[in-house]
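Commentary on secondary and tertiary structure
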Amino acid sequence: MSKISAMMDTGKRSLMNSQTALQTVGHNIANKSTEGFSRQRVELMSNQPIGEGNLQIGMGARAGVVTRVNNPWLEKQIQKEGMSMGYQDSRADALSRVEQIYNEQNNKGLNQYMTDFFNSFRELSNNPESLASRTLVRESAVAMSKDFGRVVGQLKAVQEDLDGQVKTTVNEINQLTKEIAQLNEKIQMIEVQKTPANDERDRRDLVLKKLGEKIDISWAEGKDGMVTVTAGRTGILVSGIGSSELKAEQTGARDRVEVFFVGTGSPANITDQITGGRIGGALEVRDRVIEDLLNHVDNMAYTLAKEVNKAHIEGFDKNGRPGVLFFEMPEATKGAASVIGVNKTIFNDVGRIAAGAQSGATGDNTVANLISSLQHRQVMDGGTSTLDDYYNTQVGQIGAVVQRAIKSQESQKNVMNQLTNIRESISGVSLDEETTKMIEFQKTYDASARLIKTADEMFDTVLNLKRL
Amino acid sequence: MRIADKMAFNQVNQNLTKNRSDMADLQNQAATQKRINKPSDDPLASARVLAARTEERGNSQFIKNINNARSFLEFSDQSLGELSEILVRAKELAISQSNDASGNEETRLVTASEIEQIYNQAVQIGNRKLGERYVFGGYKTQTMPFNQAGEYFGDDGDMKIQTHKDSFVAMNIPGSKVFLGRGLGADGIVRARYEAPTSVEQLKQFQREEKEREELNRQVDENYVETRGPASERRSTRYDKQDPVTGGGGTNIFSTIKDLEISLRTNDKQGVQSALDTLDQAISQVVLSRSEVGSRIMAVNNTMDSLQKAVVDNKVAASQLEDADAFQVISDINKTDSTLKATLETSGKLIQPSLLDFLR
């Protein structure tokens, strides 16, 4: 036979269950916009019934565990794609900046300065006697040298900026790895009591995602619920409750920032191992794309200076003196574009420009013609392309690379959006749903209270029996 | 599918961002009227646009070159016209004095004075200047080419002007050729001698050849008999003289006129008669030079026509590559604008109501 007190007890527990459920609903609503949050559910289960002869009397319900609704495989996939997203993002950003250096759609660029330079020699050939046309040659040569310098300077500025990005990102990574180690510890502590550490796991998933956006990582969860995170191939960033730092700094060997893993031993250079995430993208643009472009522009400046000098030194100037070097000759191809400049002698006296092939013939324009025809001579790529071809091809190539980078960035964004949508459809909070739950549990709460009231009235009835 | 609130918000966000960036892109195209604003907008086309620009700037420079060369050539042509006119006049005078019917010692003396003037005019023409440059001095444009004695101080240089990517035209005729008949081929036609060197090797070769030519000129000078002197002494050697080094048949215009003058002064009828032949040669030498100049003018005019056409073609090509189609852009803007409005409207509806709005 059931007891009134048991009834009251069932009501009381039900009240408490409803409260717990409502609390969880509240938690969900509050975290509706929390990044990486997975909605939670209280799992209710009916209590062990009591046997009364041939009757089984239910003893109400109790709250089991609070679980999160989450698909770990999807989370892992998002983390992986996020790595690729970070890579594509930083790559496309940096490349767009590089592209601007070569953009001549609206501004004057190297192509135009080179054309002006050769045209100035054509103008000189029209009138080798004139100081005005000689000055034009000097000005156009100076302007062209400056533009070579501008291209190199801007390319290096992007490299330096990427250096800065690598440094900042490494600092962020160190914060994130520390947090993961702390979360490892918390999760282990909570789950040792057989309670799922829902919020902590959500947070750790999120931090892993964020870490992956910055650098390529691989990670695995151990039996104790703690994750081990490795960056590149050898940099173990998190192991259990401990974390190791990365360090980004310049070395003596190179003037660029490199990434070091600071473990227990001496710091190991892991720059080459990083091929993903924002750092991976930045390194790729900095060390491959820009280095390549720098080589190209150096090559161009060196060949140009060499060829012009070769012709100029054979000529004779306005006063019949033998020609000097037209450009200060760069010592090597490397760095030629940043040092190319008009020879001081010529800069100070445009009369020293050697337009003619013979001494004492002021109208001789043979050398001026020769230098101007360099524009259409195949002096680059082992004699297969002209300076113009060489440069224009590069601009086309950069355009193509940037276009491809932006396209893959967009498609990666679409992949991410789709995955995030799937994640939200599983783990996201829906207000409608929570409201419905809220009403449901409120009604349950009402009804449980009504049950207690009824039990109370029953008690009253029993207690008042004597008085009747 | 279960729809969480965030999904709706994300979707609204993505749609609006996409529409707005499409719109910004189109507005940029409308403002610049260009389809390509950076290389990545169309890599292949942007490289071609650069090449077209280079081409265009080159062509404009070639047009400037041609204008410059043309004025030089036209001035030379005009001067040579005058030169042939005075030579014809000299011939007329020589004919009239070559027989005793129309000339005697006195008229020959008078005529000699006029021939002297013609000589002076010839020297003057030889020293013509265009701007600050002597036209007939070869490369030596700052040195007066001829002195009163008809000695030459210029050189044989052909000032080449680039008229197209690979073609050069000489804009001058050196006085040594047209006035002294030096370095002419056996056909007596004045031609520019060399292709313009386009490599250092060719330049060195050119310099060597110029040196040889200088040496040659020196020998010619040495072997030529005096320009002046008693007509009787010179006649036999000067007559039908071939260039002793090249074998070319050039005529020294100054000595021809001078010879005539001397013959007239000395009342040397035979000398006057024989001067008629040399004068004919001189006239034909000038006429041939003039025709060479004329043909160069024609050539540069033709190049000019094709350059001007190329400039237009180039602009058209670049425009086709990089310019935005205005109609397309405007209609795209309208389309995107209505899409954006529709997105905004539906987004408003999507975000607004939740169950909470209906529980009052």
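All residue numbers refer to positions counted from 1 along the written sequence of the respective chain. Chain A is the first chain written and ligand 1 is the first ligand written, with later ones labelled in order. Reporting of local features is limited, given that this is a predicted model, to residues whose pLDDT is at least 70; pairs of side-chain atoms are given and counted only at 80 or more, and all residues count toward the totals for whole chains, interfaces and linings. Remark: hydrogens and water are excluded; side-chain values derive from all non-hydrogen atoms of the structure.

This paragraph deals with the overall build of chain A. By definition, any uninterrupted DSSP run of H or I lasting at least four residues is a helix, any uninterrupted run of E lasting at least two residues is a strand, and each is numbered from the N terminus. Tallying secondary structure elements over chain A gives 11 helices and 11 strands in all. Computation of the radius of gyration draws on C-alpha atoms, with the globule rule given as 2.2 Å multiplied by the number of residues to the power 0.38. For 468 residues, the compact-globule estimate of 2.2 N^0.38 gives 23 Å, and chain A exceeds it by more than 25% at 38 Å. Dimensions of chain A, computed from the C-alpha atoms along their principal axes, are close to 145 × 50 × 35 Å. We call a residue buried when its accessible area falls under 20% of the maximum for its residue type, exposed when it is over 50%, and partly exposed in between, using a 1.4 Å probe and counting protein chains only. Residues classed as buried in chain A amount to 51% of the 468 residues present. Contact criterion: two residues are considered in contact whenever any of their non-hydrogen atoms come within 4.5 Å of each other. Put simply, 69% of the contacts in chain A that link residues at least 6 apart link residues at least 24 apart. Total accessible area computed for chain A in this model is approximately 21100 Å², and 52% of it derives from carbon and sulfur atoms. Per-residue and other accessible areas were derived by the Shrake-Rupley procedure at a 1.4 Å probe size, with only the shown protein chains allowed to occlude residues.

Moving on to the overall build of chain B. Looking only at helices and strands, chain B has 10 helices and four strands in total. The order of helices and strands in chain B, counted from the N terminus, is α-α-α-β-β-β-β-α-α-α-α-α-α-α. Relative to its 360 residues, chain B shows a buried fraction of 47%. Look at the contacts in chain B between residues 6 or more apart in sequence, and 69% of them connect residues 24 or more apart. When the accessible surface of chain B is totalled, it reaches about 17600 Å², and 51% of it is carbon and sulfur.

Listed as interface residues are 58 residues of chain B and, on the opposing side, 68 residues of chain A. Both faces considered, chain B and chain A share a buried interface measuring about 5300 Å² in area, 52% of it formed by carbon and sulfur atoms. The working definition used for a salt bridge is a side-chain nitrogen of Lys or Arg within 4 Å of a carboxyl oxygen of Asp or Glu. Viewed at the interface, chain A and chain B are joined by six salt bridges. For E314 of chain A, the salt bridge identified is with K204 of chain B, shortest N-O distance 3.5 Å. Buried area: the accessible area, evaluated with a 1.4 Å probe, that two parts lose upon being put together, summed over both parts.

All names here are of chain B. Here, axes are lines fitted to C-alpha atoms. For helices the fit covers the stretch in contact, and angles between N-to-C directions go from 0 to 180 degrees. Two elements in contact, helix α2 (residues 43-97) and helix α7 (residues 253-265), have axes whose closest approach is 12 Å; the angle formed by their N-to-C orientations is 25°. As far as their axial angle goes, α7 and α2 are roughly parallel. Between α2 and α7 lies a crossing whose hand is left-handed. Judged by residue contacts, L83, L87, A90, A94 and Q97 of α2 engage I253, I257, L260 and L264 from α7. In this classification, Asp, Glu, Lys and Arg are treated as charged, Ala, Val, Leu, Ile, Met, Phe, Trp, Tyr, Cys and Pro as nonpolar, and every other residue, Gly included, as polar. Classifying every residue of the contact of α2 with α7 gives eight nonpolar, one polar and no charged. Working rule for angles: under 35 degrees goes down as roughly parallel, over 145 as roughly antiparallel, 65 to 115 as roughly perpendicular, anything else as oblique. Crossing handedness: left-handed means the near helix sits turned counterclockwise from the far one by under a right angle, and right-handed means the same turn made clockwise.

Let's shift gears to helix α8 (residues 269-322) of chain B. Each helix should span, by expectation, one fewer than its residue count multiplied by 1.5 Å. Given a rise of 1.5 Å per residue, 54 residues ought to cover 80 Å, and the 78 Å separating the end C-alpha atoms of α8 of chain B matches this to within 8%. The N-capping residue of α8 of chain B, defined by a side-chain oxygen 3.3 Å from the backbone nitrogen of Q270 of chain B, is D268 of chain B. Whenever two N or O atoms come within 3.5 Å, that pair is a polar contact, provided that in protein one can donate a hydrogen and the other can accept it, and provided that, for residues adjacent in sequence, both atoms are side-chain atoms.

Take the pattern of salt bridges next. Residues and elements named next belong to chain A. Here the structure, examined in full by the defined rule, presents 59 salt bridges over all chains. R39 serves as the salt-bridge partner of E433, at 3.0 Å between the closest nitrogen and oxygen. Placement of the pair is E433 in helix α11 (residues 431-463) and R39 in the loop between α1 (4-30) and β1 (40-46), with a sequence separation of 394 residues. For the salt bridge of R352 with D317, the shortest nitrogen-to-oxygen distance reads 3.0 Å. A residue pair is termed long-range when its members are at least 10 positions apart, and R352 in the loop between α8 (344-348) and α9 (366-373) and D317 in the loop between α6 (277-312) and α7 (336-339) qualify at 35 residues.

Below, the discussion takes up the nonpolar core. We call a set of buried residues a nonpolar core when its members are Ala, Val, Leu, Ile, Met, Phe, Trp, Tyr or Cys and they connect through side-chain atoms within 4.5 Å of each other. Within the largest apolar cluster, 140 residues are counted, with the highest numbers of intra-cluster contacts made by F148, F326 and F327 of chain A together with L83 of chain B. It is helix α4 (residues 131-191) of chain A that contributes the most residues to this core, 17 residues altogether. Discounting chain neighbours no more than four positions away, the residues touching L83 of chain B are A122, I125, F179, I253 and V286 of chain B. By size, the runner-up hydrophobic cluster in this structure holds eight residues, among which are F62, I66, M304 and V311 of chain B.

Below, the discussion takes up the pairing of strand β6 (residues 227-231) of chain A. A regular strand places its side chains so that they alternate between the two faces of the sheet. All names here are of chain A. Counting buried residues along β6, four of its five residues qualify, which places the element largely inside the surrounding structure. Hairpin remark: strand β5 (residues 217-221) followed by β6, antiparallel, with five residues in the connecting loop; positive phi at G225, about 80°. Strand pairing is defined by DSSP finding a minimum of two bridges between the two strands. When β6 meets strand β7 (residues 235-239), the two strands line up antiparallel, connected through four bridges. The residue of β7 that forms the bridge with T228 is S239. Linkage of β6 to β7, two consecutive antiparallel strands, is achieved through a turn of three residues, within which G232 is found at a positive phi near 60°.

With that settled, the discussion passes to the packing of aromatic side chains. Stacked, tilted and edge-to-face are the three classes applied to pairs of Phe, Tyr and Trp rings, where Trp contributes its six-membered ring and a pair requires centres within 6.5 Å; stacked means planes under 30 degrees apart, edge-to-face means over 60, and tilted covers the rest. Inspection of the entire model under this criterion finds 13 aromatic pairs over all chains. Cluster of aromatic residues (ring-pair linked, three or more members): Y119, F136, F146, Y152, F179 and F254 of chain B. Here, a charge over a ring is recorded when the distance from Lys NZ or Arg CZ to the ring centre is within 6 Å and its angle to the ring normal is within 35 degrees. For K76 of chain A, the ring lying beneath its charged end belongs to W219 of chain A, and the centroid distance is 3.9 Å. The ring centre of F347 of chain A lies 5.1 Å from the NZ or CZ of R138 of chain A, which sits over that ring.

Residue and element names in this part refer to chain B. At a minimum axis separation of 8 Å, helix α3 (residues 105-126) and α7 run at an interaxial angle of 165°. By the angle between their axes, α3 is roughly antiparallel relative to α7. Crossing of α3 against α7: the hand is left-handed. Of α7, the residues touching α3 (which contributes R108, L109, T111, A112, S113, I115, E116, I118, Y119, A122 and V123) are F254, I257, K258, L260, E261, L264 and R265. Its residues assigned to classes, the contact of α3 with α7 comprises 11 nonpolar, two polar and five charged.

A few words on the confidence of the model for chain B. Residues and elements named next belong to chain B. Averaged over all residues, the pLDDT of chain B equals 86, while 89% of them reach at least 70. Scored below 50 in pLDDT, residues 226-242 shows 33 contacts in the model against residues more than four places distant or in partner chains. Here the predicted complex scores 0.87 on pTM and 0.87 on ipTM. pLDDT expresses how confident the predictor is about each individual residue, on a scale running from 0 to 100.

A word on the side chain of D268 of chain B. Positionally, D268 of chain B belongs in the loop between α7 and α8. Within polar-contact distance, the side chain of D268 of chain B engages the backbone nitrogen of G271 of chain B at 2.8 Å.

This paragraph deals with the sheet that holds strand β8 (residues 242-243) of chain A. Note on sheets: strands pair through backbone hydrogen bonds, and any given pair is parallel or antiparallel. Residue and element names in this part refer to chain A. Read from one edge of the open sheet, four strands run β5-β6-β7-β8, paired in antiparallel fashion. With partners counted over all chains shown, the strands left at the sheet margins are β5 and β8, one partner each. Its contacts with the sheet place α4 against β6, β7 and β8, and it is angled at close to 40° to β7.

Another aspect to go through is helix α9 (residues 326-351) of chain B. At 3.6 residues per turn, the α-helix brings residues three or four places apart onto the same side. Residues and elements named next belong to chain B. Look at α9: 37 Å from first C-alpha to last across 26 residues, which is about the 38 Å you get at 1.5 Å a residue. Listed in full, the buried residues belonging to α9 are V329, D332, I333, T336, L340, T343 and S347. Buried residues belonging to α9 abut α1 (5-32).

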